[in-house]
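# Descriptive structure summary
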Amino acid sequence: MEGFTVKAFHDFLRENKIMGSRCKDCEGVNLPPRPVCPVCGGRDLEWVEIRGKGVVEAYTVITVPLTKMSNRCPYAVGVVKMDGGPSVSGLILGVTEGDDVSVGSRVVAEFVKEGDETVLCFRQT
Ligand SMILES: [Zn+2]
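What counts, and at which threshold
Residues numbered from 1 in each chain as written. Predicted model: local features only at pLDDT ≥ 70, side-chain atom pairs only at ≥ 80, totals over all residues. Heavy atoms only, no water. Pairing = 2+ DSSP bridges. Helix = DSSP H or I, 4+ residues; strand = E, 2+ residues; numbered from the N terminus. Axes fitted to C-alpha atoms, helices over the stretch in contact; angles between N-to-C directions. Contact = heavy atoms within 4.5 Å. Donors = N, O, S within 2.8 Å, 3.2 Å for Na, K, Ca; no water. Tetrahedral: all angles 85-135°; square planar, octahedral: opposite > 155°, others 65-115°. Buried < 20%, exposed > 50% of the residue type's maximum accessible area, 1.4 Å probe, protein only.

### Observations concerning the sheet that holds strand β2 (residues 29-30)
Within the open sheet, the three strands sit side by side as β2-β1-β3. Their pairing is antiparallel. The open sheet is flanked by β2 and β3 (45-49), the only strands paired with a single partner.

### Examining the sheet that holds strand β6 (residues 87-93)
Pairing is mixed around the closed barrel formed by five strands, whose spatial order is β4-β5-β6-β8-β7. Between one strand axis and the next, the sheet turns by 45° as a mean value, whatever way the strands run. Pairing of strand β4 (residues 53-62) with strand β5 (residues 75-82) involves eight bridges; the strand directions are antiparallel. Note that in β5 the partner of Y59 across the bridge is G78. Running over the sheet, helix α1 (residues 6-14) touches β7 (106-114) and β8 (117-124) and is turned about 70° from β8.

### Section: the coordination of the zinc ion
The coordination sphere of the zinc ion, as far as protein atoms go, consists of C23 (SG), C26 (SG), C37 (SG) and C40 (SG), spread over 2.3 to 2.4 Å. Geometry at the zinc ion is tetrahedral, judged from its four donor atoms and the angles of 104 to 118° they form at the metal. All donors of the zinc ion come from a single chain, and their spacing in sequence reads C-x2-C-x10-C-x2-C. A residue pair is termed long-range when its members are at least 10 positions apart, and C23 in strand β1 (residues 19-23) and C40 in the loop between β2 and β3 qualify at 17 residues. For C23, a relative accessible area of 2% puts it in the buried group.

Honestly, that's just the spatial picture; any functional story needs more than this.
This is the structure we're talking about:
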């Protein structure tokens, strides 16, 4: 069993899985996973797979990109509230202007390969 770390989270992304940690004491879910529950301090955790669908809670449109994502620019960086789970930040693809995305939009996860990394992205449905 892997530790509840950001590294493990990225390893799961390579397998096209979004995995968070769930606290067995208070049932709080963290994404990315954390080794200690930030709500109650519990260490009795289990892995939970988060389904790749959610709703945009907040976003910023990026026109000057990080070099590694420059070929996908423009895009938005958003916070997505996952269905039945926590919120997670990720890139929202297919955005050319600020109007192309809005708070409340439904999105699905997309796993984008960047070199040997997999980046969690979202696309509007
Ligand atoms: Zn807890």
